[in-house]
Structures are given as C-alpha cells and as structure tokens.
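Architecture and fold: a report
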Amino acid sequence: MAPIQVKIKHAGKTHDVQLDPDQPATVFKDAVYQLTGVPPDRMKVMIKGGILKDDTDWRKVAPKAGQTFMVIGAAGELPKPPETPIKFLEGKPDDARRCNQRLLITLYRYGRYILGRGGKFHPSQGSGIRAHALSKLSMPVGLVNLGNTCYMNATLQAMRAIPELQVALQNSAPSGLPMALRNLYTSMAKTTESVTPSAFVAALRHAFPQFAEQMRPGAGIKALLGGGYAQQDAEECWVQLTQSLKEVPGLAGPSGSSASAKFVDQYMTGEMRRVLKCDEAPEEPESISFEKVLKVSCNISNAVNYMQQGIMEALDGKIEKRSPTLGREAVYTSTSRMSRLPTYLTVHMVRFAWKRDINKKAKIMRRVKFPTEYDALEIATPELREKLLPVSRKLQEVEKERAERRKVRKRTKAAKPVTDKEGDVQMADAAAPEASSSSGGAAAAPSAEGEDKGKAVTNVELEDESVYREREGKELEALIHPDVKADIGASQTGQYELVAIVTHKGAEADAGHYIGFVKKRALHSAPIASGAGAGPTPDEDDEDWYKFDDDKVSIFPAEKLETLSGGGQDASAYVLLYRSRPLV
C-alpha cells in the first residue's frame, strides 16, 4: 500500500502526518512523537476498536486518507539537534563501509519522519538526524517484555557483559538454550531496534518449566498485563541459565592449546574450601571439604552496611552437627574461603528471605553499599592469596600510574590546539612524536599537588600509551604464579571491577520489576557477531553505564550507582557481576 496523509489530534491541535501501512506501527508513533513530543512509551493512539499497539497490523485497521486519529499522552521535550555537526564514521574500509551503510538506512528512516510532517527537508536538519542515527547505532538495543519477563531481560543484558561467553557460543553452541542464547545475542548485535526474545523465552520455559508458571487465579489486571505468566526471580534465572551453559566448550589458552574444560568451569566457577572445627572438642581433627560455586552470597542482616560485611557473614558462621568425638550434637565453627577465583565473580545480594510470622517470602530493604572495585584477596585462602599478592600489588601501582598519565594527556591536549587540513581547530594528541625511551611510570607524574587543575602541563613528554602498556604487561606477566597462569579462566590478580548489575524494584518478593545495568566500556569491548558493528568504544575515562529497562535503553551516570544500594522500594542491587581486572 502507498503512504497516505492522515491527521492526528493532540492537546486541541491538529497535525498532518504521513502514514505508511507497510511499516510497523512504531514508525507511525515515532512520527507522531516528532510532532507532539509525546514519547512512544507514554503515547496512546486511539483507533477503531481500541488502542494502537506496536504489533498492530495496519491492514486490519484499514486507515483512510484524511482520517483523524486521537493521541493521548503528556508531551515531553522535543528532540533537539546537537550543537556541533556529527561526521560519518571513518576507520578501516570494511568497518567504515558497514557502519555507514547502517547509518544511511537510519538516516533514510528518520528523514521520512520529517517529510511525513508535511514540511520540507532542509540541509540544516541533517546534523540533528545524523546525531539521532549515530546515537541509535552506538546505543545497545533493549529487549521487549513479553509479559513479566523483565527478570529474564535484565539477566540477559547483564550476562552480555561477558565477552568470552559470546566467543565460546560462536565457536560451538550446544542445541537447546545455549543455541537460543547465541542466536539472540547475534540478533541483538545486528540491529538498532529493540529485539523481541520470543524464541529464547520459549526455550527457557521448555528447559526450566518453573519459568512457565502461571499467575494465581484472581490476580486481576496483573495477570492480564503479564499475559498470564507469573513474575520470576532474576537470580534464579541467572543460576539456571549458567547451569544450562555448562556444556559449552571452553576456550583455548594463550599458547593455543586446546581446552578440555567447559567454559562455565573456566570463567564463571570458583572453588570454595570449607573448614569445620568443633568448638566443644578442640582435639577433634578439622573437617575440610571443597565445593564448586557459581556465586558468592552476601547476607543482609541488621549489622550489615557494606557488601564485604555481608560476604564475610555468609562465609563464616556457627552450625550444629553430630560430633564423632563427643557422640552427640555439638557446635562447630565454619570457615569458608575461595581456593579458586574465576575471571567473572557473581555476588548475590540475599534480599529475599522467608518470614515465619507472615508465612511468606519478603524483601529485605536495608541499604547495603557495594564497591565498583573489589579486592577479593580478602575472601581467598591463604595459599591462593600468597600466589596472587605479588601481581595484585603491582597492578594497583600500575593503575595509579595509568591514571596519572591520563590526567597529563588531558591537560597537555587542552593546551595544544592545532589546525587540521581543512583549517578547523582541533585538539592535539598529547603523545610526543619523540620521547625519551627511558621515561617510565614516574615520568608520567603530573605537576605537584596544589597546582590549579585547569593549568596545562607542557613540560612532560609522554611516549605513546601502547609503549607503556607493553612494558607494564611484561612486568605483570612475570609476576603471575605458574599455577595461576596454567589455569585458563582464573583471575590472575584477585582485583575486580564491577561491570554489570541486576536490580529489583518494589517491596514484594514475587512481584516488582527487574532492571539491568552494564558498564559502557565492558559492553563495547565485547566480541560481536560477524558482520555486525559494535559502535564506538567509549573513552577509557568514561565510567558511565547503560540502563536496560526492558526495551528502553538509556545512559546511567556512574555517580548515580550509589542509588542502587537499596534502602527503599526503588531499584536495589540484587545480582552483581565483577570482572577480574586485565593486566593491560
């Protein structure tokens, strides 16, 4: 069908807009948004028989030229063009060509929105459209909620921050849930629109029927909105999904040797050593056992204010068991420590507990602060700590030197404006073309403390950053213990950075809403499917995050992470994913 001109009425005003029956309803809603400022997620377009949905078939609506549609919704701020024009992507020929092709497609779509407004397209509008298109290309895509599937969507987005997992799935994905996950991640990497995970949720419910549980009779509007499916626990989804990936083959070591272990065992599984000592019979030998674990629990009691406190409370405690020495029940001290730390360490904030007084599972609202950088040597066995300590200490020193170099480069860059070939003023790169080969980390030290932060440093010459990284990498590599180096997927330093969070919002344990958060740098460094673009890699100093609220994706400032610590019904950290800090 050919596009037709229709009218929309909103807030007492009538607008002309173009409607293409061959395009999804979301395209029409975006065109309405451009005219009214009503965001699509808050917009209601009245049609014959109800409200226009994103999957509505225009053939059933049968719109006619000149027909008027009523639009309901509060208008927000209309989109604005950027202050400076955005240039097309440049780089490697194949990558640039692929990205520019995707950009042209997006430009074409958004250009039609403007033409559909009944106006003319002016070249000055191009920068605004390019900015919108580029933002859509660089922004990761969301997942459509299929009826109380926010727990799954948040889990999938957080797990996407594990780049090695995507490599392993691309290499070999067993049938069933692993294959469905690989296909889903591939689809997400090849589009700029939200993805509907219908095939994956079907595979998840087939593999684990608990996620196909229906809501109880009498649930009313909640059951209707959720399609009849009950809300599920994101942490249970994380554990079950991880269990289903246990047959995914592992990755080869740095030397190229074939891997005999499975991926989950390599990169996501830790080993816990548990020691039981009888308090009432000191002469009784200690009982030592080892257990593979996929997560570390953080108990939340009235005395816990920080994540480390909750972890230690979960690792150490008192239990009662039968003593072979005393021939009766006795009190034992249980002490657990990690004898193996994986590259990806999952921390479970135990926010849901069974309340006997109400005979129901309830949420613990207490505020518990979590770190963005975590030193796991505190929960390691003495033997493992001894192996990791040399490289761990050195890495901490190196990280400080890297931070100082970044400060120097920024200030030097700000002080050296240069002119490009077109005569435009650009900021010069701080790296000096010829630098002393003897300059090391100390040479990167900034000016003395107390000096104005805005003052540029011009008397410090730095080599290219890759030179420092190569030198530091060799120094750190030499400190890695042989046993740790041979263990593919194990943390080599015990130093971690937070890369993903799954939060729960609400007061009820069996309800509420789950949201995923992923650090930008962690996500953009992830390998993607062949033929897909990953978008620009954020600056090394960019500490901001992506917020994945189902199909709505937005930037979440790093300084707001503290608001996810809990203390109320708002989003509270529930599952945290830490990644071992890389050497270079």
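This report concerns the structure included in the present document. (Residues numbered from 1 in each chain as written. Predicted model: local features only at pLDDT ≥ 70, side-chain atom pairs only at ≥ 80, totals over all residues. Heavy atoms only, no water.)

Description of a nonpolar patch on the surface
The line we're drawing: Without a salt bridge and with relative accessible area above 30%, a residue can belong to a patch; like charges are then joined within 9 Å and nonpolar side chains (Val, Leu, Ile, Met, Phe, Trp, Tyr) within 5 Å. Each accessible area is a Shrake-Rupley estimate made with a 1.4 Å probe; only the visible protein chains count as cover when residues are assessed. For this analysis, a salt bridge means a side-chain nitrogen from Lys or Arg found within 4 Å of a carboxyl oxygen belonging to Asp or Glu. Only DSSP runs of H or I with at least four residues qualify as helices, and only runs of E with at least two residues qualify as strands; both kinds are numbered from the N terminus onward.
Together, M46, I51, M70 and I72 line one region of the surface with nonpolar side chains, adding up to about 320 Å² of accessible area. Relative to the helices and strands, I51 resides in strand β4 (residues 50–51).

Focus on the packing of helix α5 (residues 150–159) against helix α7 (residues 177–189)
The criterion, for reference: Only the stretch in contact is used when a helix axis is fitted, and all axes are lines through C-alpha atoms; the angle between N-to-C directions ranges over 0 to 180 degrees. In these notes the angle categories are as follows: under 35 degrees is roughly parallel, over 145 is roughly antiparallel, 65 to 115 is roughly perpendicular, and the rest is oblique. Contacts were defined at the residue level, with two residues in contact if any of their heavy atoms lie within 4.5 Å. Polar here means any residue outside two lists: the nonpolar Ala, Val, Leu, Ile, Met, Phe, Trp, Tyr, Cys and Pro, and the charged Asp, Glu, Lys and Arg; Gly therefore counts as polar.
It is at 12 Å that the axes of α5 and α7 come closest, and there the two elements cross at 75 degrees. In terms of axis orientation, α5 runs roughly perpendicular to α7. Between α5 and α7, the contacting residues are L156, Q157 and M159 on the first element and L181, L184, Y185 and M188 on the second. The class makeup of the residues in the contact of α5 with α7 is six nonpolar, one polar and no charged.

As for the environment of V61
Considering the arrangement of structural elements, one finds V61 in helix α2 (residues 58–61). For V61 and P21, which are 40 residues apart along the polypeptide, the C-alpha to C-alpha distance reads 9.4 Å. Other than its neighbours up to four places away in sequence, V61 contacts I47 and T56.

Regarding the side chain of T493
How we decide: Here a polar contact is taken to be a pair of N or O atoms separated by no more than 3.5 Å, where protein atoms must pair a possible hydrogen donor with a possible acceptor and residues adjacent in sequence count only if both atoms sit in side chains.
With respect to the helices and strands, T493 occurs in the loop between α15 (482–486) and β17 (495–505). Within the structure, T493 has its side chain in polar contact with the backbone nitrogen of Q495 (distance 3.1 Å).

Details of the sheet that holds strand β10 (residues 328–340)
Convention followed: Whether two strands pair depends on DSSP finding at least two bridges between them.
Read from one edge of the open sheet, four strands run β7-β6-β10-β9, paired in antiparallel fashion. One side of each edge strand has no neighbouring strand; the edge strands of this open sheet are β7 (287–293) and β9 (316–323). Direction aside, neighbouring strands of the sheet carry axes that sit 35 degrees apart on average. The sheet contact formed by strand β6 (residues 270–278) and β10 spans eight bridges and is antiparallel.

Brief notes about the packing of aromatic side chains
Put simply, the rule is: Here the aromatic set is Phe, Tyr and Trp, taking the six-membered ring for Trp, and pairing holds for ring centres within 6.5 Å; pairs whose planes are under 30 degrees apart are stacked, those over 60 apart are edge-to-face, and all others are tilted. Exposure classes here rest on a 1.4 Å probe applied to the protein chains alone. A residue is buried below 20% of its type maximum, exposed above 50%, and partly exposed in between. A ring is considered to have a charge above it if a Lys NZ or an Arg CZ atom is located within 6 Å of its centre and within 35 degrees of its normal.
With the rule as written, the count across this model stands at eleven aromatic pairs. With a centroid separation of 6.0 Å and an interplanar angle of 65 degrees, the aromatic rings of F28 and F69 are classed as edge-to-face. A residue pair is termed long-range when its members are at least 10 positions apart, and F28 in helix α1 (residues 25–36) and F69 in strand β5 (residues 68–72) qualify at 41 residues. Here the two residues F28 and F69 agree in accessibility, since each one is buried. Ring geometry for W58 versus F69: centroids 6.4 Å apart, planes at 75 degrees, classification edge-to-face. Of this pair, W58 sits in helix α2 while F69 is found in strand β5, placing the two residues eleven residues apart along the sequence. Residue W58 is classed as buried on the basis of its relative accessible area of 2%. A residue is classified by how much of its surface remains accessible, and F69, at 1% relative accessible area, is buried. One aromatic cluster is present, formed by F28, W58 and F69 through successive ring pairs. The aromatic ring of Y229 is capped on one face by R205, whose charged end is 3.6 Å from the ring centroid. The side chain of R405 reaches across the aromatic face of Y468, ending 4.3 Å from its centre.

Examining the sheet that holds strand β3 (residues 44–47)
Pairing between sheet strands relies on hydrogen bonds along the backbone, with the strands arranged either parallel or antiparallel. With respect to topology, five strands assemble into an open sheet ordered β2-β1-β5-β3-β4, the strand pairing being mixed. Unpaired on one side and paired on the other, β2 (13–19) and β4 mark the two borders of the sheet. As paired elements, strand β1 (residues 4–10) and β5 share three bridges and run parallel to each other. Of the residues in β5, the one forming a bridge with K9 is M70. Each of β1, β2, β3 and β5 touches α1; the most contacted strand, β2, lies at about 145 degrees to it.

Thoughts on helix α10 (residues 234–244)
Structurally, the α-helix is built with 3.6 residues per turn, so residues lying three or four positions apart point the same way. Within the span of α10, buried status applies to A234, E235, C237, W238, L241, T242 and S244. Measuring from the side-chain oxygen of the N-cap residue of α10 to the backbone nitrogen of E235 gives 2.7 Å; that N-cap residue is D233.

Considering empty space enclosed by the protein
In this approach the atoms are scanned with a rolling probe the size of a water molecule, which exposes any empty space left behind. Selection criterion: Here the term cavity refers to a set of points on a 1 Å grid, laid over the protein atoms alone, in which a 1.4 Å probe fits but cannot get out; the term pocket refers to an open set having protein on both sides within 12 Å along at least five of seven lines, with lining residues being those that place an atom within 4 Å of a point. Grid points are joined across faces, edges and corners, and a volume is the space filled by probe spheres set on the points.
Scanning the entire structure with this criterion turns up two cavities of 30 Å³ or more. Roughly 30 Å³ of volume is contained in the second largest cavity. Every residue lining the second largest cavity is listed: E235, W238, V239, K295, T346, V347, H348 and V575. Taken together, the elements giving at least two residues each to the lining of the second largest cavity come down to α10 and β11 (344–349). When grouped by side-chain class, the residues that make up the lining of the second largest cavity number four nonpolar, two polar and two charged.

Considerations on the pattern of salt bridges
Under the counting rule described, the total for this entry stands at 29 salt bridges. Between K29 and D54 there is a salt bridge whose closest N-O contact spans 3.0 Å. Here the residue K29 occupies a position in helix α1, and D54 occupies one in the loop between β4 and α2, the gap between them amounting to 25 residues. R340 is the salt-bridge partner of D487, the closest N and O atoms lying 2.8 Å from each other.

Re the packing of α5 against α10
Two measures define how a pair of helices packs: the angle their axes make with one another and the distance between the axes. We apply this condition: What makes a crossing left-handed is the near helix being turned counterclockwise from the far one by less than a right angle; a clockwise turn instead makes it right-handed.
Here α5 crosses α10 at 55 degrees, and the two axes come no closer than 9 Å. Accordingly, the angle class assigned to the pair α5 and α10 is oblique. By crossing handedness, the relation of α5 to α10 is classed as right-handed. Residues Y151, M152, T155, L156, A158 and M159 of α5 pack against A234, C237, W238, L241 and T242 of α10.

Keep in mind that these numbers describe shape and distance, not what the molecule does.
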